[in-house]
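Listed below, chain by chain, are the residues.
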Amino acid sequence: MSHFSYQDGVLHAESTPLSRVAEAFGTPTYVYSKSALLQNFAAYADACAGRDALVCYAMKANSNLAILDLLAREGAGFDIVSGGELLRVIAAGGDPGKVIFSGVGKTVAEMRLALEKNILCFNVESIPELHRLNEVAGSMGKRAPVSLRVNPNVDAKTHPYIATGLKANKFGVAFDDALATYRAASALPHLDVVGIDCHIGSQLLDDAPLLEALDKLIELIDTLHAEGIHVHHLDIGGGIGVDYGAEGDKPPVPVGDYLGRLFARIDAWRAERHDGRPIKVIFEPGRSIVADTGVLLTSIEFLKPGEEKSFCIVDAAMNDLMRPTLYGAWMGVQPVAPREGGKVVYDIVGPVCESGDWLARDRALAVAPGDLLAVMTAGAYGMTMASNYNTRGRAAEVIVDGEQMHLVRRRETPEELYALESMLK
Ligand SMILES: *Cc1c(COP(=O)(O)O)cnc(C)c1O
């Protein structure tokens, strides 16, 4: 069941009318469903039950402390891409021992912080990064646990959404260079080679490319083993997509089905070729944990009919939700209290001074100024990508739990936006 549904003609998050959220906290506001979040995480956790596996939530999708806290309580680890994200995990009560650190540009300060906090693993993406990490760890009298992010170069032709697992991307070590890079890593005195990882892309609707990537990682683990390099975990990354609801879109593979197929392959490999040596399996899901848990609630300011286009001008904008203008992404838009009457086709746009400031195009709506709209499936890569462009305070964030509303981030004030600035004396 969707956690956002119409009850008595009003769109609700769980048992809370979105109109009540708007009355209490204003708009634009991100509204998340707690039970949706727990259900999405449980889809991973249940499929991993009884196995040596760890779900490291890719927190760049949505890093509100309340979300991190709820997931940490369920046993989640975290996939981070900055020192700032590590500090968020700690602030939310998460366990640094379950943190893996991804990203192509880790700074010395970030490495130092992560080593101080004893994170689980650094997902290293290049040889210069190996050397830097070795030096930083050595200077601290420590050994850094490392995994290499391997680029399996899975065929993208039939899978147009794969964007990070190809030779042409900045991410990871090319598959053909992986063995040499592992040799280099194991020769460095302050590194412990512990794992192998990949992350081939995002919004994957099919698990075939992920299983293809898995096969390549497995092949490499066997090659490394024969060389005396033993990895203890296999991290397949994130990437499972969600249903944004566009007409004609195919639904994504259910998480349980994907994990079932993945574990079946791993079990078969371990039984046949891997001598039953233990291997921990790590996942880095982001979008599939949070996207459908959230909506962006916005109010209509004006309707502006035109000859070629009619515009529905709302109080949310590209600074609140970048996905439409950044990726040309299609997002569903629902009136909170649908009206009877003739529909007009609108482009839904914000007040920001850019033609790229749109949230949705060509949507037939029966609406009036003052009405509330909900931009659906906005829980991932929404608030985390928000900016203060046009000196707009970022949206508030609310988590709904049944009939209860919890403000988990208040709206920014204009004064806060320039509080860090100063004028020349
Ligand atoms: C963004 C990212 C993820 C999460 O991807 P989703 O498509 O949101 O699941 C996982 N791992 C790495 C390294 C990432 O950069």
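The name given to the chain in an unreviewed UniProt entry is Diaminopimelate decarboxylase, and the organism recorded there is Massilia haematophila. Taken directly from UniProt, the Cofactor (unreviewed entry) text for the chain runs: "pyridoxal 5'-phosphate".

Enquirer: Can you break down the overall build of the chain residue by residue, with the values?
Expert: Regarding its fold elements, the chain presents 12 helices and 21 strands. Its C-alpha atoms give the chain a radius of gyration of 23 Å, near enough to 22 Å, the size a compact globule of 425 residues would have. Counting only C-alpha atoms and orienting by the principal axes, one finds that the chain spans roughly 70 × 60 × 40 Å. Of all 425 residues assigned to the chain, the portion counted as buried reaches 53%. Sequence-distant contacts in the chain: of pairs separated by 6 or more residues, those separated by 24 or more amount to 69%. Of the accessible surface of the chain, which amounts to about 18,300 Å², a share of 52% is contributed by carbon and sulfur atoms. Taking the average place of the 40 positive charges on the side chains of the chain and the average place of its 55 negative ones, the gap between the two points comes to 4 Å.

Enquirer: Describe the UniProt feature "binding site: substrate" (unreviewed entry) in the chain, listing the residues and the values that go with them.
Expert: The feature "binding site: substrate" (unreviewed entry), as annotated in UniProt, sits at Arg287, Arg323, Tyr327, Glu354 and Tyr381 in this numbering. Judged by maximum C-alpha separation, these annotated positions cover 95 residues in sequence and are scattered in space, the widest gap reaching 27.2 Å. Along the chain, tyrosine 327 turns up in helix H11 (residues 323-327). Setting aside its immediate chain neighbours within four residues, tyrosine 327 contacts Met322 and Met385. Within the secondary structure layout, glutamate 354 lies in the loop between strand E17 (344-349) and strand E18 (358-365).

Enquirer: Break down the environment of aspartate 176 for me, with residues and values.
Expert: Its location among the elements puts aspartate 176 in the loop between strand E10 (173-174) and helix H7 (178-187). Linking aspartate 176 and alanine 246, residues 70 residues apart in sequence, is a C-alpha distance of 38 Å.

Enquirer: Describe the UniProt feature "binding site: pyridoxal 5'-phosphate" (unreviewed entry) in the chain, and please don't skip the residues or the numbers.
Expert: In the numbering used here, UniProt assigns the "binding site: pyridoxal 5'-phosphate" (unreviewed entry) feature to Gly239, Glu284, Pro285, Gly286, Arg287 and Tyr381. Among the structural elements, glycine 239 can be located in the loop between strand E12 (233-235) and helix H9 (255-272). What makes glycine 239 buried here is its relative accessible area of 8%. Setting aside residues no more than four positions away along its own chain, glycine 239 makes contact with His199, Gly201, Ser202, Gln203 and Leu204. Looking at the secondary structure, you find proline 285 in the loop between strand E13 (280-283) and helix H10 (287-290). Taking the relative accessible area as the measure of exposure, proline 285 reaches 2% and is therefore buried. Proline 285 has contacts with Tyr44, Val55, Cys56, Tyr57, Ala58, Gly237 and Gly238, leaving out every residue within four places of it along the chain.

Enquirer: Outline the pattern of salt bridges, supporting the account with residue identities and numerical values.
Expert: This model, assessed by the stated rule, comprises 17 salt bridges. For arginine 394, the salt bridge identified is with glutamate 412, shortest N-O distance 2.6 Å. Of this pair, arginine 394 sits in the loop between strand E19 (372-375) and strand E20 (396-401) while glutamate 412 sits in the loop between strand E21 (404-409) and helix H12 (414-418); the two residues are 18 residues apart in sequence, bridging distant segments of the chain. Note that glutamate 416 is salt-bridged to arginine 410, the shortest N-O span being 2.4 Å. Arginine 410 gets classed as partly exposed once you look at its relative accessible area, which sits at 47%. Among the charged side chains, a network of salt bridges with common partners joins Lys309, Asp347 and Asp362.

Enquirer: Please set out unusual backbone geometry residue by residue, giving values where relevant.
Expert: Cis geometry marks the peptide bond from threonine 27 to proline 28, where omega comes out at -5°. Within the fold, proline 28 resides in the loop between helix H1 (18-25) and strand E4 (29-33). With phi around 70°, asparagine 390 is a residue other than glycine that occupies positive phi space.

Enquirer: Describe helix H4 (residues 83-91), and please don't skip the residues or the numbers.
Expert: Owing to its 3.6 residues per turn, the α-helix aligns residues three or four sequence positions apart on the same side. Regarding H4, the residues found buried are Gly83, Glu85, Leu86 and Val89. Each buried residue of H4 lies within a common arc of 160° when the element is viewed along its axis, so the set occupies one face. Packing partners of the buried residues in H4 comprise helix H3 (65-73), strand E6 (77-80), strand E7 (99-101) and helix H5 (108-116). Of the residues flanking the start of H4, the one acting as N-cap is serine 82, its side-chain oxygen 3.3 Å from the backbone nitrogen of glycine 84. The positive-phi residue at the C-terminal boundary of H4 is glycine 93, with phi of around 85°.

Enquirer: Outline the packing of helix H2 (residues 34-47) against H9, supporting the account with residue identities and numerical values.
Expert: Orientation of H2 relative to H9, taken along the N-to-C sense of each, is 25°, at an axis distance of 9 Å. Taken together, H2 and H9 sit at an angle that is classed as roughly parallel. Between H2 and H9 the crossing geometry is right-handed. From H2, Ala43, Tyr44 and Ala47 reach across to H9, where they touch Val255, Gly256, Leu259 and Phe263. In terms of residue class, the contact of H2 with H9 is made up of 6 nonpolar, 1 polar and no charged.

Enquirer: How would you sum up the site of the ligand? Please name residues and give values.
Expert: The immediate surroundings of the ligand are formed by 14 residues, with Lys60, Ser202, Glu284, Arg287 and Tyr381 found nearest. Within the contact set of the ligand, an oxygen atom lies 2.8 Å away from a side-chain nitrogen or oxygen of lysine 60. Here the ligand has 380 Å² of accessible area as a free molecule, and 93% of this is covered by the chains. Looking at the shell around the ligand residue by residue, the class counts come to 3 nonpolar, 6 polar and 5 charged.

Enquirer: Which residues make up the sheet that holds strand E2 (residues 10-13), and what values do they have?
Expert: Strand order across the open sheet formed by 3 strands is E1-E2-E3, with antiparallel pairing between neighbours. Unpaired on one side and paired on the other, strand E1 (4-7) and strand E3 (16-17) mark the two borders of the sheet. In this structure, E2 lies alongside E3, joined through 2 bridges in antiparallel fashion. Counted as the bridge partner of alanine 13 is threonine 16 from E3.

Reading guide: rules and limits
- Residues numbered from 1 in each chain as written.
- Predicted model: local features only at pLDDT ≥ 70, side-chain atom pairs only at ≥ 80, totals over all residues.
- Heavy atoms only, no water.
- UniProt positions renumbered as here; feature names shortened; annotations may be inferred.
- Helix = DSSP H or I, 4+ residues; strand = E, 2+ residues; numbered from the N terminus.
- Rg over C-alpha atoms; globule rule 2.2 N^0.38 Å.
- Buried < 20%, exposed > 50% of the residue type's maximum accessible area, 1.4 Å probe, protein only.
- Contact = heavy atoms within 4.5 Å.
- Areas by Shrake-Rupley, 256 points an atom, 1.4 Å probe, with all protein chains shown as cover.
- Lys, Arg positive; Asp, Glu negative; His and termini not counted.
- Charge placed at Lys NZ, Arg CZ, Asp CG, Glu CD.
- Salt bridge = Lys/Arg side-chain N within 4 Å of Asp/Glu carboxyl O.
- Arc of directions from axis to C-beta.
- Polar contact = N/O pair within 3.5 Å; in protein donor to acceptor, adjacent residues only side chain to side chain.
- Axes fitted to C-alpha atoms, helices over the stretch in contact; angles between N-to-C directions.
- Parallel < 35°, antiparallel > 145°, perpendicular 65-115°, else oblique.
- Left-handed = near helix turned anticlockwise from the far one by under 90°.
- Nonpolar A, V, L, I, M, F, W, Y, C, P; charged D, E, K, R; others polar.
- Near = heavy atom within 4 Å.
- Pairing = 2+ DSSP bridges.

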